[in-house]
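For reference, the chains in residue letters:
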Amino acid sequence: PDGHIASIFTTDGQVRRAGLETRPVIPIYDSPKPPARRLTLTMSVLATAGVAIVIALGQSKADVMRAALHETDAATPVGELLRRAPSSLVLLDRDAAGLS
């Protein structure tokens, strides 16, 4: 429901940091979900993939996916990825699509 991808969370400027980073991998020291310390691919790596594939399941993902797909300024990692990726495939179940 928070729109995070690949250990890039909306909190503490992580989207901005991961988006501006030139290294392919960066450490995350304060993840809001366990474990607190982890590594993640940066947005520059994720957004240059041939196809960015996003899978979201469950009603708790409906609002964030609606925003990511329909708002050009969605301030979430998934929204940023979908804006930047040259090609994407989004797979949603009925609940995440808001059809239930």
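Small disclaimer: the values here were computed from a predicted structure and weren't measured.

How each quantity is defined
Residues numbered from 1 in each chain as written. Predicted model: local features only at pLDDT ≥ 70, side-chain atom pairs only at ≥ 80, totals over all residues. Heavy atoms only, no water. 1 Å grid on protein atoms, 1.4 Å probe; cavity = no way out; pocket = protein on both sides within 12 Å on 5 of 7 lines; lining within 4 Å. Points joined across faces, edges and corners; volume = space filled by probe spheres on them. Helix = DSSP H or I, 4+ residues; strand = E, 2+ residues; numbered from the N terminus. Nonpolar A, V, L, I, M, F, W, Y, C, P; charged D, E, K, R; others polar. Salt bridge = Lys/Arg side-chain N within 4 Å of Asp/Glu carboxyl O. Buried < 20%, exposed > 50% of the residue type's maximum accessible area, 1.4 Å probe, protein only. Polar contact = N/O pair within 3.5 Å; in protein donor to acceptor, adjacent residues only side chain to side chain.

Participant: How should the layout of surface pockets be read in this particular structure?
Facilitator: Using a probe with the size of a water molecule, rolled over the atoms, empty space left in the structure can be pinpointed. The computed volume of the largest pocket comes to approximately 210 Å³. Considering the residues around the largest pocket, the lining is formed by 14 residues, among which His4, Ile5, Val54, Ile55 and Val78 are closest to the centre. Those elements that provide at least two residues to the lining of the largest pocket are β3 (52–56), α3 (62–70) and α4 (77–84). Ranked by residues supplied to the lining of the largest pocket, first place goes to β3 with four residues. Of the residues contributing to the lining of the largest pocket, the split by class is 10 nonpolar, two polar and two charged.

Participant: What am I meant to see in the pattern of salt bridges here?
Facilitator: Side-chain pairing between opposite charges can occur once the charged atoms of the two side chains come close. Using the criterion set out here, one finds four salt bridges in the structure. One salt bridge connects Asp63 with Arg66, and the closest N-O pair in it is separated by 3.0 Å. In this pair, Asp63 and Arg66 are both assigned in helix α3, three residues apart and thus about one turn of the helix distant. Within this structure, Glu80, Arg83 and Arg84 form a network of salt bridges that share partners.

Participant: Even after reading the chapter, I still don't get the environment of Ser44, so can you show me in this structure?
Facilitator: Its place among the elements puts Ser44 in helix α2 (residues 43–46). Residue Ser44 is classed as partly exposed on the basis of its relative accessible area, which comes to 22%. Along the primary structure Ser44 and Ala85 are separated by 41 residues, whereas in three dimensions their C-alpha atoms are 9.3 Å apart. Engagement of the side chain of Ser44 in a polar contact is seen with the side chain of Thr42, the distance being 3.0 Å.

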